[in-house]
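One letter stands for each residue in the lines below.
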Amino acid sequence: MPLYGTLDITQSSARLPTLAHLDTEAWTLPKAETMQLLIEVPRASTDGLLPKAMHPALPSYVILAVARYPESPTGPFNLAMLRLGSRAGAHPRGFLLGAVASSDTAAKELRARWGFPVETGEVKFLRRHDRVMATVKKGTDTILDCALVNPQPVAGSDVQYINWVTAANAPLDGAIQPLLIQVDPKYTFYRADRGEPQVSTFDATAWNAPGLQLAGPIIGTCCTVDTDLPRIRFVMDPLKPVFLGTRRIRESRADE
Amino acid sequence: MKFGLFYEISIPRPWTPEKERTVYNNCLEQVKLADELGFDHVWAVEHHFLEEYSHCSAPELFLTACAMLTKRIQVGHGIVVCVPEFNHPIKIAERTATLDLLSGGRLHVGTGRSATWTELGGFRANPDTTKKSWDEFVRCLPKMWMQETFSYQGEFWSMPERTILPKPYQKPHPPMWVAVTSPGTEIDAAERGLGSLGLSFAGFEEQEKKIKEYRRRIKTCEPVGAFVNEQVATTNFLFCHEDEKVGVEMGKKLGNTFNYLATQLISTREVFSSPSYQSLGLLPALRRAATGPDASEQQTEGMAYGDPARIVRAVKKWESLGVDCINFILNANEVVPQEQVMASLRLFAREVMPVFAKRPANVAAAE
């Protein structure tokens, strides 16, 4: 059967974000601009990054995502994320390795509500006709400098965003325990462009992915979307295959 | 109704030379028996880099071995990936003609364009252009087989005038097919006079719609080759057992294993936004639809596993929808022991094939 990840998040649970409960209220995020750069990475450089419950994507790839949210319950903010392409059972997922938000409030809320491993930093997002550019700084260090080069319009229906999984401590069955949490935003597309990913600076360690190397670019997209961060619907045991360890927290998105 | 075998050649980890060799030998043993039992086709896919799911990257070699071991069964080279980074069209014409000669005119040629980023990215092929290159290839192949000399200047490849050799044994040329997974490809098949090689296990309703449209459109087609190959083939799992419960359980195990492996493939659309790969419903999703947890009772009913009576019902249903041929997947990751695969083939030949046979089945071989 397929390969599994090797990361045991229960061994480092003190470093994970902690949720007070799994009843997170949804956030609506209208007119967001999201750039995603998909890049293949050597399989060996992802060793130890993916939880035991999940399957690695073959070939291995990461998603560098930078978004500008002009409206949110905490006001405007930018968010940069590094996700590792993977599978939760049969489903494609991006496991969230690291994130940087441009506002302290947003970072605090994203950690507390969905368990994002997010810190505060400077996240710049610039959309120009010839390229879309993003830079991310932690303190004075630039940890990401990237671009989508030569954006060309495509249909929103050409773009597929896969759902995310985060690792966090959360209360379940009366105890706080390390869990994998599915985050499955929905999207309404207003504009979509496609172009070539270009990364000039990437500090893997700063993204909680020491040793990760970027290899061949796949494709980049930049889209204007109405999106959200929904209520938590599924959590997974981090040590069991997801078809054995998945728990449904609520039935559907109907209550959002 | 014709019956065939369909090989992805799935090999479980850990891979050792002996294990890979054993699985290949198991497949050859099955093909030899299928030939004796009266099966019509053996198809082998072309896939690359698809760990566990398919180790069938050189199907022309496997099919040559099949042809050498058998007398009657037809060999389906399909699909050949018609993308220049994978296969040069001259090489396709040459090796298919050679296989047709070696098999004594038993070759069918399936065409397609690959559905996974794992493969397209591995060959550094551009997903945006695979439909276009496929069209160029299928237009050229019959001419390369039939004309004494051939030259070509196209968007994806070109060649000065040369004589492409050898020529196929079958005249004017072997039957041509196209893999139908993406919605709408059945129309591509019909308009070019190609056989529809269905690789999904979509439910009866969806298949019926596709087949009707295929039959309607092919009536007025402009064939790419010298003749119209109006045939509809579909894919299924086969596990036939005297005890229905045992048959269904093992069949589901086979289907679930195959589908789980299929869902691990990185479909092109998952990572490469392209108008050329609109549908997520390429092979993993469609296959899962038939046997996964969301499968309807009707879809499960279409699966060829269980006891002979249940399988006869399933095959009759496919026949009533207009399917001409069912190609069976016999194993995935070797979850079905080889002796059970062989017993299943024998029982199917003995109890199911005669119900649909225009000629008597080989009863002696099935005993």
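Residues numbered from 1 in each chain as written. Chains lettered and ligands numbered in written order. Predicted model: local features only at pLDDT ≥ 70, side-chain atom pairs only at ≥ 80, totals over all residues.

S.K.: Tell me about the overall build of chain A, and name the residues and values.
M.R.: Broken down by element type, chain A carries two helices and 15 strands. For chain A, whose C-alpha radius of gyration is 17 Å, the value lies close to the compact-globule estimate of 18 Å for 256 residues. Its C-alpha atoms give chain A principal-axis dimensions of roughly 50 × 40 × 40 Å. Scored against the burial criterion, the 256 residues of chain A give a buried share of 52%. Taking the contacts inside chain A whose residues are at least 6 apart along the sequence as the reference set, 69% of them involve residues at least 24 apart. (Helix = DSSP H or I, 4+ residues; strand = E, 2+ residues; numbered from the N terminus. Rg over C-alpha atoms; globule rule 2.2 N^0.38 Å. Buried ≥ 20, exposed ≤ 12 C-beta atoms within 10 Å, placed from the backbone. Contact = placed C-beta atoms within 7 Å.)

S.K.: Describe unusual backbone geometry, and please don't skip the residues or the numbers.
M.R.: Residue and element names in this part refer to chain B. Put simply, glycine 78 and isoleucine 79 share a cis peptide bond, and its omega is 5 degrees. Relative to the elements of secondary structure, isoleucine 79 occurs in strand β3 (residues 74-81). For isoleucine 9, which is not glycine, the phi dihedral falls at a positive 60 degrees. For isoleucine 9, the location among the structural elements is in the loop between β1 (2-7) and α1 (17-37). Judged by the 21 C-beta atoms lying within 10 Å of it, isoleucine 9 is buried. Residues other than glycine seldom take positive phi values, yet asparagine 333 does so here, at roughly 55 degrees. Within the secondary structure layout, asparagine 333 lies in the loop between β11 (325-329) and α13 (338-356). Residue classification places asparagine 333 among the partly exposed residues on the basis of 19 C-beta atoms within 10 Å.

S.K.: Describe the packing of helix α12 (residues 308-321) of chain B against α13(B), and please don't skip the residues or the numbers.
M.R.: Residues and elements named next belong to chain B. The contact between α12 and α13 brings their axes to 10 Å, and the two run at 40 degrees. Where α12 crosses over α13, the handedness of that crossing is right-handed. Contacts from Pro308, Ile311, Val312 and Val315 in α12 reach Leu347, Phe348, Glu351, Val352, Val355 and Phe356 in α13. Residues belonging to the contact of α12 with α13 are distributed by class as follows: nine nonpolar, no polar and one charged. (Axes fitted to C-alpha atoms, helices over the stretch in contact; angles between N-to-C directions. Left-handed = near helix turned anticlockwise from the far one by under 90°. Nonpolar A, V, L, I, M, F, W, Y, C, P; charged D, E, K, R; others polar.)

S.K.: I'd love a proper account of the nonpolar core, names of residues and values included.
M.R.: Of all hydrophobic cores here, the largest spans 184 residues; its most connected members are A:Ala80, A:Ala101, A:Ile181, B:Leu5, B:Ala304 and B:Phe328. Sort the elements by how many residues they give to this core and strand β3 (residues 61-69) of chain A lands first, with eight residues. Aside from chain neighbours lying at most four places away, what touches B:Phe328 is B:Phe3, B:Gly4, B:Leu5, B:Phe6, B:Asn236, B:Phe237, B:Leu238 and B:Ala304. (Core = buried A, V, L, I, M, F, W, Y, C linked by C-beta atoms within 7 Å.)

S.K.: I'd like to hear about the interface of chain A and chain B, residue by residue, with values.
M.R.: At the interface, 21 residues of chain A touch 18 residues of chain B. Top element by residues in the side of chain A that touches chain B is strand β13 (residues 217-229) of chain A. It accounts for three residues. Its residues assigned to classes, the side of chain A that touches chain B comprises 14 nonpolar, four polar and three charged.

S.K.: Kindly report on the pairing of strand β7 (residues 122-127) of chain A, identifying the contributing residues and their values.
M.R.: All names here are of chain A. Direction of pairing for β7 relative to strand β8 (residues 131-138): antiparallel, over a ladder of six bridges. Note that in β8 the partner of valine 123 across the bridge is valine 136. Linking β7 to β8, which pair antiparallel, is a turn of three residues. (Pairing = 2+ DSSP bridges.)

S.K.: Provide a residue-level description of the confidence of the model for chain B, including the pertinent values.
M.R.: All names here are of chain B. With 91% of its residues at a pLDDT of 70 or more, chain B has an overall mean of 92. Here residues 281-294 scores under 50 on pLDDT; set against residues more than four positions off or in separate chains, the count is 46 contacts. Under the prediction, the complex receives an ipTM of 0.93, its pTM being 0.93. (pLDDT = per-residue confidence, 0-100.)

S.K.: Account for the environment of A:Arg83, naming residues and giving values.
M.R.: All names here are of chain A. Mapped onto the fold, arginine 83 is located in strand β4 (residues 77-88). Classification of arginine 83 as buried rests on a count of 24 C-beta atoms within 10 Å. Setting aside its immediate chain neighbours within four residues, arginine 83 contacts Val62, Ile63, Ala65, Gly94, Phe95, Leu96, Leu97 and Trp164.

S.K.: Please provide a residue-by-residue account of the pairing of β8(A), values included.
M.R.: Two strands pair when backbone bridges link them, and β8(A) and strand β9 (residues 141-154) of chain A are joined in this way by eight bridges, in the antiparallel orientation. By the bridge assignment, A:Val132 is partnered in β9(A) with A:Leu148.

S.K.: Give me α1(B): which residues, what numbers.
M.R.: All names here are of chain B. Its 21 residues place the ends of α1 30 Å apart at the C-alpha level, agreeing with the 30 Å of an ideal helix rising 1.5 Å per residue. Restricting attention to buried positions, one finds in α1 the residues Val23, Cys27, Gln30, Val31, Ala34, Asp35 and Leu37. For α1, the angular spread of the buried residues around the axis is 165 degrees, confining them to a single face. Among the exposed residues of α1, those pointing more than 90 degrees away from its buried face are Pro17, Glu18, Arg21 and Asn25. (Expected span 1.5 Å × (residues − 1). Arc of directions from axis to C-beta.)

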